[in-house]
Protein chains: 2
Amino acid sequence: MSVAASSSAKGAVPRDTQRIYSIAELSREFAITPRTIRFYEDEGLIKPRRQGMTRLYSVGDRTRLGWILRGKRLGFSLAEIRELLDLYQVDRTGVQQLRELLRRSQLHIADLERKRADLDQHINEFREVESQVSTELRQRGVDPEGD
Amino acid sequence: MSVAASSSAKGAVPRDTQRIYSIAELSREFAITPRTIRFYEDEGLIKPRRQGMTRLYSVGDRTRLGWILRGKRLGFSLAEIRELLDLYQVDRTGVQQLRELLRRSQLHIADLERKRADLDQHINEFREVESQVSTELRQRGVDPEGD
DNA sequence: GTCATAGTTAACGTTTACGTAAACGTCAAT
DNA sequence: ATTGACGTTTACGTAAACGTTAACTATGAC
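Residues numbered from 1 in each chain as written. Chains lettered and ligands numbered in written order. Predicted model: local features only at pLDDT ≥ 70, side-chain atom pairs only at ≥ 80, totals over all residues. Heavy atoms only, no water.

A. Local environment of the overall build of chain A. In terms of helices and strands, chain A carries 5 helices and 2 strands. Listing each helix as α and each strand as β along chain A from the N terminus yields α-α-β-β-α-α-α. Buried residues in chain A amount to 38% of all 147 residues. Within chain A, contacts between residues at least 6 apart in sequence are counted, and of these 52% link residues at least 24 apart. If you sum the accessible surface of chain A, you get close to 8,600 Å²; carbon and sulfur atoms cover 48% of it. (Helix = DSSP H or I, 4+ residues; strand = E, 2+ residues; numbered from the N terminus. Buried < 20%, exposed > 50% of the residue type's maximum accessible area, 1.4 Å probe, protein only. Contact = heavy atoms within 4.5 Å. Areas by Shrake-Rupley, 256 points an atom, 1.4 Å probe, with all protein chains shown as cover.)

Shown next, in the form of structure tokens:
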């Protein structure tokens, strides 16, 4: 089960595994332009089937696209995202490959945890601002919740 | 106490509040080039004192720079970071200003929490890969910890 | 004095991540 | 048969975030 194709975790109903999507459909769903999706293909991030010239996206392609966009939201470049995706398509038969995969996964996890520490700190600072401002407003007899 | 100048939280010793830094010093400490620091100044993100032409950075400037870089690591654009920084320099005397500050803080916090949910999900996926690969290696009689 | 070191501005170059036409094919509906 | 909605490729444009020279200045060491 690859990272970018695990929608049958147990609760996420795969509705119709055979379902295919048009580029317009996906661009609407994810609120991006078709241009962006084609660009990701040029960059080797997704490889939809073709029916003649027209691109046909599978459920897996859709999941993969969602994964890419989440990576973007987290601040990863497309190059980094490609690396991460590639990471899980490598041959997992050999012990050497498995060790390498494990090593790189651990490195990536460490990186992510640093990022989470940053994020938590950032959030806490803003929470503090929020509470201070709320307090200040209450002291002035204003209800912070009102409009 | 502004967001980008709170290093005396209680434990973080302000060493020398009067300390000043050169651009080279800061670029070394944060592992960025002087060009980057000057660029941030052009973009209005930091405003160091000048002694003639030479820039002199205060402890506050240094803290602020660190804050900017953390923002970058979290995937914010410089424009967004500037907005966030500006947010805390606005006049906090009027009730109207305070309400607006509160509102925007809450919006930002909500955004950050979405990001954290993304990040947690991302981390969990990679942890699962890690554990699966470890298991696979053990089944093959290999110690995942060894070199 | 001049040499090295560290600072400056100015301006053009580069990479990333798309946007924006232009010019065309396909098919269903009017 | 043409209009419209959707798809395609090719290619140039652009904003963001710096990198990279170039040319100059100031300062302390020798």
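B. Summary view of the relation of the copies chain B and chain A. Expressed as a screw operation, the relation of chain B to chain A combines 0.0 Å of axial shift with a rotation of 180 degrees, fitting to an RMSD of 0.1 Å. Taken together, the rotation angle and the small translation identify this as a two-fold axis. Within chain B, the C-alpha atom positioned nearest to the axis of rotation is that of Gly 75 of chain B, 1.9 Å from it. (Least-squares fit on C-alpha atoms with pLDDT ≥ 70 in both.)

C. View of the interface of chain B and chain A. With 48 residues of chain B at the contact, the number on the chain A side is 48 residues. When the two sides are added together, the surface that chain B and chain A hide from each other amounts to roughly 4,700 Å², 63% of it contributed by carbon and sulfur. Looking only at chain B, the three residues that lose the most surface to chain A are Arg 70, His 122 and Phe 126 of chain B, adding up to 14% of its buried area. Taken together, the links from chain B to chain A amount to 8 salt bridges. The salt bridge partner of Arg 127 of chain A is Glu 113 of chain B, with a shortest N-O separation of 2.8 Å. Linking chain B with chain A are 21 residue pairs in polar contact (both at pLDDT 80 or more), by the criterion used here. Where the side of chain B that touches chain A is concerned, the elements lending two or more residues are helix H3 (59–73) and helix H5 (95–139) of chain B. Here the side of chain B that touches chain A takes 29 residues from H5 of chain B, the largest share from any one element. Taken together, the residues of the side of chain B that touches chain A sort by class into 21 nonpolar, 10 polar and 17 charged. (Buried area = accessible area lost by both parts, 1.4 Å probe. Salt bridge = Lys/Arg side-chain N within 4 Å of Asp/Glu carboxyl O. Polar contact = N/O pair within 3.5 Å; in protein donor to acceptor, adjacent residues only side chain to side chain. Nonpolar A, V, L, I, M, F, W, Y, C, P; charged D, E, K, R; others polar.)

D. Representation of the protein's contact with DNA strand D within the structure. In the vicinity of DNA strand D, 17 residues are found, and the nearest of them are Arg 38 and Arg 55 of chain A together with Thr 33, Tyr 40 and Leu 78 of chain B. By atom count, sugar and phosphate contribute 70% of the portion of DNA strand D lying within 4 Å of the protein. The contact in question runs from a phosphate oxygen of DNA strand D to an N or O atom on the backbone of Ala 24 of chain A, over 3.1 Å. Within the side chain of Thr 33 of chain B, an N or O atom sits 2.6 Å from a phosphate oxygen of DNA strand D. Mapped onto the surface near DNA strand D, the elements with two or more residues apiece are helix H1 (23–30), helix H2 (34–42) and strand E2 (54–56) of chain A together with helix H2 (34–42) of chain B. (Near = heavy atom within 4 Å.)

E. Geometry of the packing of aromatic side chains. Under the criterion given, the structure shown has 6 aromatic pairs over all chains. Relative to Phe 126 of chain B, the ring of Trp 67 of chain A has its centre 6.1 Å away and its plane inclined at 45 degrees; by these criteria the two rings are tilted. Of the two residues, Trp 67 of chain A is situated in helix H3 (residues 59–73) and Phe 126 of chain B in helix H5; the pairing between them involves two chains. Note on accessibility: Trp 67 of chain A and Phe 126 of chain B belong to one class, buried. When the centroid spacing of 5.3 Å and the interplanar angle of 70 degrees are considered together, the rings of Tyr 88 of chain A and Phe 126 of chain B count as edge-to-face. Of this pair, Tyr 88 of chain A sits in the loop between helix H4 (78–87) and helix H5 (95–139) while Phe 126 of chain B sits in helix H5, which puts the two residues in different chains. One exposure class covers both Tyr 88 of chain A and Phe 126 of chain B, and it is buried. (Phe/Tyr/Trp six-rings, centres within 6.5 Å; stacked < 30°, edge-to-face > 60°.)

F. Summary view of the protein's contact with DNA strand C. The environment of DNA strand C is made up of 17 residues, and the closest members are Thr 33, Tyr 40 and Leu 78 of chain A together with Arg 38 and Arg 55 of chain B. The contact atoms of DNA strand C, taken as those within 4 Å of the protein, divide so that sugar and phosphate hold 67%. Within the side chain of Tyr 40 of chain A, one N or O atom sits 2.7 Å away from a phosphate oxygen of DNA strand C. Side-chain polar atom of Arg 50 of chain B to a phosphate oxygen of DNA strand C: 3.2 Å apart, as the coordinates give it. When residues of the surface near DNA strand C are traced back to their parent elements, those giving at least two are H2 of chain A together with helix H1 (23–30), H2 and strand E2 (54–56) of chain B. Looking at which element gives the most residues to the surface near DNA strand C, the answer is H2 of chain A, with 4 residues. Classifying every residue of the surface near DNA strand C gives 6 nonpolar, 5 polar and 6 charged.

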